[in-house]
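Structural overview for review
Okay, here's what each chain looks like letter by letter:
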Amino acid sequence: MAESRDESSLVDVDSNSTVGGGVHDVYGEDRATEDQIVTPWSVTVASGCSLLRDPSYNKGLAFTEKERDTHYLRGLLPPVYLSQELQEKRLMINIRQYEAPLQKYMAMMDLEERNERLFYKLLVDHVEELLPIVYTPTVGEACQKYGSIYRRPQGLYISLKEKGKILEVLKNWYEKNIQVIVVTDGERILGLGDLGCQGMGIPVGKLALYTALGGVRPSACLPVTIDVGTNNEKLLNDEFYIGLRQKRATGQEYYDLLHEFMTAVKQNYGEKILVQFEDFANHNAFELLAKYSSTHLVFNDDIQGTAAVVLAGLVASLKVIGGTLADHTFLFLGAGEAGTGIAELIALEMTKQSNKLLEEAREKIWLVDSKGLVVKSRIESLQHFKKPWAHEHEPKKDLLDAVKAIKPTVLIGTSGVGKTFTKEVIEAVSSYNKKPIILALSNPTSQSECTAEEAYTWSQGRAIFASGSPFDPVTLNGKTFTPGQSNNAYIFPGFGLGVVMSGAIRVRNEMMLAAAEALANQVTQEHLDKGLIYPPFRSIRKISAQIAAGVARKAYELGLATQLPRPADLVAFAESCMYSPVYRNYR
């Protein structure tokens, strides 16, 4: 095989090294270009019906005459040849005919199960149209109805029944060279609450974006759901529910299962396996991140990924409103994992920019939870992750009172409760600022603190607005405003690629800051003139390459990278590591 490849066109890396920082590319597929010929290896060379039923190699009607002869496909396909581009066009016509977003979601999932490269080609080429389908907000509805729409397993389900056998379960997965795991226990799915085992839609969706937006190979991605039961009575009484029918396990039983999982993951996949915690409830999210960040390559997207993308938007918005982060006052509605994670990363960036002490930086940031403003007089009753944000101030029972007292320049919603940025709140914030920054980050759309139209209308068109879920442009007094989407999908795919390609063994806050700064640097004056504080998603792969390079650069600086020697051009190396969804020619 090596002799038949054009060796001169391979990426310039050592032949014994591991492309992507940990997985040996046995057949040279990742290092080949699209026009090079590869062999569709499975257990043996795939042919006939087995080739057509293998989503990794199936090309539908794009098999050439020669390939149909070589791989025993004669008669198994209609005689016509349809290029990948024509197949893409046909499928987009079909998908657009569906009115319900969930129908589009199911059509995309069916496509992924039969033709992987075509699925990712659609997602890459039509990312702005299809991202809301395979990710937020539609994935939320998919999780709610996952039992009813379940087709086939798309990841590993590890329940309490597998206690003591988790290593064996990991070995059951058909792909052995895994680089990224996204894991959830389904307790806090978006703003929808406890969906138990049906939270699997989140890891599946996240990893689809790891590949489409970040270029991590689909075969190197593993979605995992930890099923310890659910406290959702509706699901427990649903005859189509696919998880354990019991109340959620807690305490030592829960942590023992998670510890066995984390130990087995490292034992089976090694030191450089990236584990992304996703949609865990606050009390477990902070505990797990603190426990494993020093021993495993882990990060929590809700705490750290959200923080990085919000910080990037804030840094970009400074180009419009001026000043530094330290010149502004931040007020959060929501003091959970997202809110406190964002607050901490903002404080860290402030200390980096202004040489302030971290405690001084935190004093510019205020949080409101369900009981009102987080203040010193409440400290005894506060959860540990809220205590750093308890400042000296008289108590305020609701958001509007807190806004009037604190007079923030930046208002950030991470509450998971819709319609909480009321007309009075936005008018109050706008009265203190020429250009208030309003970020309504809760997902899905129904849980957003306010809509784009409300933010622009109530601020008289002066707000710099971004949301967690997408909103359409708004026309007000003859002027069109394009709302930004503060979407984690900007950060975690590129972040994951940077970690994987550098062979990093740990995640540090400095790497999250590097990711945020790299994203902010992609916002041009042209974007800002349109009211955007994030670049358009259509250029997401270029953005991800820049983020990956920034993260990898920081990993090398911190001595955490193992992919040696360090590539001279990290952006070019990132792009060379990216999976391409273009059909390959088979010998």
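Fair warning: this is a prediction, and the values are worked out from it, not measured in the lab.

1. A word on the sheet that holds strand β6 (residues 298-300)
An order of β2-β4-β3-β5-β6 is seen for the 5 strands of this open sheet, with the pairing classed as parallel. Each of the sheet's edge strands pairs with one partner strand only, and the pair in question is β2 (156-159) and β6. Strand-to-strand twist of the sheet, defined as the mean angle between neighbouring strand axes without regard to direction, takes the value 25°. Pairing geometry for strand β3 (residues 180-184) and strand β5 (residues 274-277), over 4 bridges, is parallel. Note on β5: the bridge partner recorded for Val182 is Gln276. Packing of helix α14 (residues 301-321) onto the sheet brings it into contact with β5 and β6, and relative to β6 it is tilted by some 75°. Along the sheet face, helix α20 (residues 492-502) touches β3, β5 and β6 and points at about 155° away from the line of β5.

2. A word on the nonpolar core
If you look at the biggest cluster of nonpolar residues, it comprises 127 residues, and the most contacted ones within it are Tyr210, Leu314, Ile346, Ile365 and Phe495. If one sorts the elements of this core by residue count, helix α23 (residues 540-557) sits on top with 10 residues. Excluding anything up to four places from it in sequence, Ile346 contacts Leu311, Leu314, Leu325, Phe330, Phe332, Ile365 and Ile412. Membership of the second largest hydrophobic core comes to 37 residues, among which are Leu160, Leu222, Tyr254 and Val275.

3. Examining unusual backbone geometry
Cis peptide bonds are those with omega within 30 degrees of zero, and the linkage from Thr136 to Pro137 qualifies with 5°. Relative to the elements of secondary structure, Pro137 occurs in the loop between α6 (127-134) and α7 (138-144). The peptide bond linking Leu564 to Pro565 adopts the cis configuration, its omega dihedral lying at -5°. Tracing the sequence through the fold places Pro565 in the loop between α23 and α24 (570-577). Positive phi, normally seen in glycine, also occurs at Asn355, with a value near 60°. Examined against the element boundaries, Asn355 turns out to sit in the loop between α15 (337-354) and α16 (358-362). At Lys419, a position not held by glycine, the phi torsion is positive, near 60°. Note that Lys419 resides in the loop between β10 (410-413) and α18 (423-432).

4. Considering the pattern of salt bridges
Evaluated as defined, the whole model comprises 30 salt bridges. A salt bridge links Glu141 to Lys145; its shortest N-O distance comes to 2.8 Å. Residue class for Glu141 comes out partly exposed when judged on its relative accessible area of 27%. Across the pair Glu454 and Lys419 runs a salt bridge whose closest N-O atoms are separated by 3.5 Å. Taken as a pair, Glu454 in helix α19 (residues 452-458) and Lys419 in the loop between β10 and α18 lie far apart in primary sequence, 35 residues in all. We classify Lys419 as exposed; its relative accessible area is 53%. Three or more residues joined by partner-sharing salt bridges are found here, namely Asp185, Glu187, Asp194 and Arg248.

5. So, the UniProt feature "binding site: a divalent metal cation" (unreviewed entry) in the protein chain
Per the UniProt record, the feature "binding site: a divalent metal cation" (unreviewed entry) sits at Glu278, Asp279 and Asp302. Taken together, the annotated residues stretch across 25 residues yet fold into one region, lying no more than 6.8 Å apart by C-alpha. For the second largest pocket, the lining residues among the annotations just cited are Glu278, Asp279 and Asp302. Relative to the helices and strands, Glu278 resides in the loop between β5 and α13 (282-292). Judged by its relative accessible area of 2%, Glu278 is buried.

6. Side note on empty space enclosed by the protein
For the structure on display, the rule yields 5 cavities of 30 Å³ or more. For the largest cavity, the calculated volume is near 120 Å³. Residue lining of the largest cavity: Tyr105, Met106, Met109, Asp110, Glu113, Tyr146, Ile149, Tyr150, Arg151, Arg152 and Gln154, and that is the complete set. For the lining of the largest cavity, the secondary structure elements donating two or more residues are α4 (101-114) and α8 (146-149). For the lining of the largest cavity, the leading source of residues is α4, giving 5 residues. Its residues assigned to classes, the lining of the largest cavity shows 6 nonpolar, 1 polar and 4 charged.

7. Re the environment of Val499
Relative to the helices and strands, Val499 resides in helix α20. The contact partners of Val499, leaving out residues within four places of it in the chain, are Leu274, Leu297, Ala504, Met511 and Val551.

8. Quick notes on α4
The first and last C-alpha atoms of α4 sit 20 Å apart over 14 residues, in line with the 20 Å expected at 1.5 Å per residue. Taken together, the buried positions of α4 are Leu102, Lys104, Tyr105, Ala107, Met108, Met109, Leu111, Glu112 and Glu113. Close packing links the buried residues of α4 with α3 (84-97), α5 (116-125), α6, α7, α8 and α10 (201-212).

9. A word on the UniProt feature "binding site: (S)-malate" (unreviewed entry) in the protein chain
When the UniProt feature table is mapped to this numbering, "binding site: (S)-malate" (unreviewed entry) covers Arg188, Asn443 and Asn487. For the second largest pocket, the lining residues among the annotations just cited are Arg188, Asn443 and Asn487. Position of Arg188 among the secondary structure elements: in the loop between β3 and α10. In this structure Arg188 comes out as partly exposed when scored by relative accessible area, which is 25%. Here Asn487 lies in the loop between β15 (484-485) and α20. Look at Asn487 and you get buried, because its relative accessible area is 2%. The contact partners of Asn487, leaving out residues within four places of it in the chain, are Leu131, Tyr135, Thr136, Val309, Gly468 and Phe537.

10. Observations regarding the layout of surface pockets
Here the second largest pocket is characterised by a volume of approximately 870 Å³. Those elements giving two or more residues to the lining of the second largest pocket turn out to be α10, α14, α15 and β8 (365-369). Of the residues belonging to the lining of the second largest pocket, the class tally is 12 nonpolar, 22 polar and 11 charged.

11. What to know about the side chain of Ser448
Here Ser448 shows up in the loop between β11 (437-440) and α19. By relative accessible area, Ser448 is classed as buried at 4%. Setting aside its immediate chain neighbours within four residues, Ser448 contacts Val417, Gly418, Lys419, Ala440, Ser442 and Phe471.

How each quantity is defined
Residues numbered from 1 in each chain as written. Predicted model: local features only at pLDDT ≥ 70, side-chain atom pairs only at ≥ 80, totals over all residues. Heavy atoms only, no water. Pairing = 2+ DSSP bridges. Helix = DSSP H or I, 4+ residues; strand = E, 2+ residues; numbered from the N terminus. Axes fitted to C-alpha atoms, helices over the stretch in contact; angles between N-to-C directions. Contact = heavy atoms within 4.5 Å. Core = buried A, V, L, I, M, F, W, Y, C linked by side-chain atoms within 4.5 Å. Buried < 20%, exposed > 50% of the residue type's maximum accessible area, 1.4 Å probe, protein only. Salt bridge = Lys/Arg side-chain N within 4 Å of Asp/Glu carboxyl O. UniProt positions renumbered as here; feature names shortened; annotations may be inferred. 1 Å grid on protein atoms, 1.4 Å probe; cavity = no way out; pocket = protein on both sides within 12 Å on 5 of 7 lines; lining within 4 Å. Points joined across faces, edges and corners; volume = space filled by probe spheres on them. Nonpolar A, V, L, I, M, F, W, Y, C, P; charged D, E, K, R; others polar. Expected span 1.5 Å × (residues − 1).

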